[in-house]
Amino acid sequence: MEDVTQSSEMLQGSQEYDQLDLTRWMENLPSRLHHLPLNCLAIPGSHDSFTFFLDRSGSIAPDEPQWMRRAAEYLGTCVKRIIYNWSSVQTLNVTEQLSSGIRYFDIRLATKSDSCDQLGTQSESGMERKDVKLFCVHGLYGLRIDECLESVASYLEDHRREIVILDFNHFYEVNCEDHDCLIKKIRERFGSKLCPVHHDLREVSLRFMWHHGYQLIVFYHHCLAHHFHFLWPGCHMTSPWPDTDNIRQLLDTLEKNYEHGRPEGKFYVFQGILTPTTKFILKHLNSTIRATIAQTVVGPFLNWIRGKAIGRRGLNICIIDCVDLAGFTKAVVGMNYHHRDPTAE
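Residues numbered from 1 in each chain as written. Predicted model: local features only at pLDDT ≥ 70, side-chain atom pairs only at ≥ 80, totals over all residues. Heavy atoms only, no water.

Q: Would you mind showing me how to read the environment of Ser-88 here?
A: Looking at the secondary structure, you find Ser-88 in the loop between helix H3 (77–87) and helix H4 (94–99). What makes Ser-88 buried here is its relative accessible area of 15%. Separated by 200 residues in the primary sequence, Ser-88 and Thr-288 place their C-alpha atoms 8.5 Å from one another. Excluding residues within four positions of it along the chain, Ser-88 makes contact with Thr-51, Leu-54 and Ile-289. (Helix = DSSP H or I, 4+ residues; strand = E, 2+ residues; numbered from the N terminus. Buried < 20%, exposed > 50% of the residue type's maximum accessible area, 1.4 Å probe, protein only. Contact = heavy atoms within 4.5 Å.)

Q: Help me out: how do you make sense of the packing of helix H10 (residues 290–306) against helix H11 (residues 328–338) in this one?
A: Any two packed helices are characterised by the angle at which their axes cross and by the distance between the axes. Put simply, H10 and H11 touch, their axes get as near as 10 Å, and they point 10° apart. The angle between H10 and H11 falls in the class roughly parallel. Residues Phe-301, Leu-302, Ile-305 and Arg-306 of H10 form the contact with H11, whose own contacting residues are Phe-328, Ala-331, Val-332 and Met-335. Within the contact of H10 with H11, the residues separate by chemical class into 7 nonpolar, no polar and 1 charged. (Axes fitted to C-alpha atoms, helices over the stretch in contact; angles between N-to-C directions. Parallel < 35°, antiparallel > 145°, perpendicular 65-115°, else oblique. Nonpolar A, V, L, I, M, F, W, Y, C, P; charged D, E, K, R; others polar.)

Q: Mind showing me how you'd approach the pairing of strand E7 (residues 164–172) here?
A: Note on strand geometry: in a regular strand, side chains alternate between the two faces of the sheet. Judged by how many residues are buried, E7 sits mostly within the fold: 8 of 9 residues are covered. One ladder, built from 7 bridges, connects strand E2 (residues 104–111) with E7; its direction is parallel. What sits directly across from Ile-107, in E7, is Phe-168. As judged from the 5 bridges shared by E7 and strand E8 (residues 216–220), these two strands associate in the parallel manner. When the sheet's bridge partners are listed, Val-164 is paired in E8 with Leu-216. (Pairing = 2+ DSSP bridges.)

Put into structure tokens, the structure is as follows:
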């Protein structure tokens, strides 16, 4: 009888998957998954999430090495074009990514010292100071982070049972005052939607989040995170970087990490990412990251995913470049329907 019941549930799950609405996929997950910790679900995410816009006419961002920034001073638009082609890894904007099912965002920020991008204000001492704005970066400067956060907030207001994870993991030339400004914006804009840090992730399920009205988990890889109850320190997440431009090596690394098992009580990111070397870029100087390694890796990575399971020792957050390729989000979300891990239930 138990086998018949499980088969019926799996058949129903398959039918639900075929009719999947990615705009509300968390809300529509089968009830048997509502109690699972979020780090036991398969969650699609994007790598360098906010690089759908990069300013080719502006300055080189501080995440680029000094030699590259100096080269741009002499070669100008030629260097910036190459940087753009190998740094713009997403084509969908924030709302489009959310609507396609993306629920994890990889965020890198930097300040911009150009005078035209600063506002003069009065400090407590009465002296005029410059409020340096924070921009999304990857080789070049992108949008102000405020604009991206506003898009996330608007989406969450319209989709009350969807949960989003923001991972602020790289900061370049960002001082304490800049951090204070960003943290204040996060707190003011999201308020009661922010899930407080929980050291026991077994409590943090969809059911728990919905009950408390939480919709956002913010990871903040900086020591200041320990001073705010709504900022999750980086120690609560493991995200191994494969650091290779070879597909076979990438898959071997993913398999090794999967078989080894992930740390208890943490979110875990499986990066389906190839990293081009300088030699590779020079060989494909007139191409783009999308036309080369992003197109190449997505198929093998999805095939690897489909052979796995969800659960405490299974898949969790899965990310790639160019999330609009090959039905990536639906394939990852589908793992929640087609695989069962009895140890996670």
